[in-house]
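Observations on the three-dimensional arrangement
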Amino acid sequence: MVIIPLLAFDERGYRVGYGKGFYDRFLQGLTTLKVGVSFFESGDDIEDVNEHDVQMDLCITPHRVYDFRKSVIR
């Protein structure tokens, strides 16, 4: 499991982070569980997603766990 820092995320599992692409490069090709942690709920769709951006598998917030593997929000 890799815990990924983030500033914001959308309901598709894409995030805006701190690393200027560092985490996306690190995560390329990894099959491990990718988990974000946020104090806030999901926001609007992140529009500047490119082919190098890696989606999270889960995001944990104080009120919900978003599971992007099944496209189900719990």
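Here is a short report on the structure shown in this document. (Residues numbered from 1 in each chain as written. Predicted model: local features only at pLDDT ≥ 70, side-chain atom pairs only at ≥ 80, totals over all residues. Heavy atoms only, no water.)

A word on the packing of aromatic side chains
Per the counting criterion, the structure on display carries five aromatic pairs. Here Phe9 and Phe68 contribute two aromatic rings whose centre-to-centre distance is 6.4 Å and whose plane-to-plane angle is 75 degrees, an arrangement assigned as edge-to-face. Of this pair, Phe9 sits in strand 2 (residues 8–9) while Phe68 is found in the loop between strand 6 (65–67) and strand 7 (72–73), placing the two residues 59 residues apart along the sequence. Aromatic pair Phe22 and Tyr23: ring centres 5.2 Å apart, planes at 85 degrees, arrangement edge-to-face. (Phe/Tyr/Trp six-rings, centres within 6.5 Å; stacked < 30°, edge-to-face > 60°. Helix = DSSP H or I, 4+ residues; strand = E, 2+ residues; numbered from the N terminus.)

So, the environment of Gln55
If you trace the backbone, Gln55 turns up in the loop between strand 4 (34–37) and strand 5 (58–60). Among the polar contacts made by the side chain of Gln55, one reaches the main-chain carbonyl oxygen of Arg12 at a distance of 2.5 Å. (Polar contact = N/O pair within 3.5 Å; in protein donor to acceptor, adjacent residues only side chain to side chain.)

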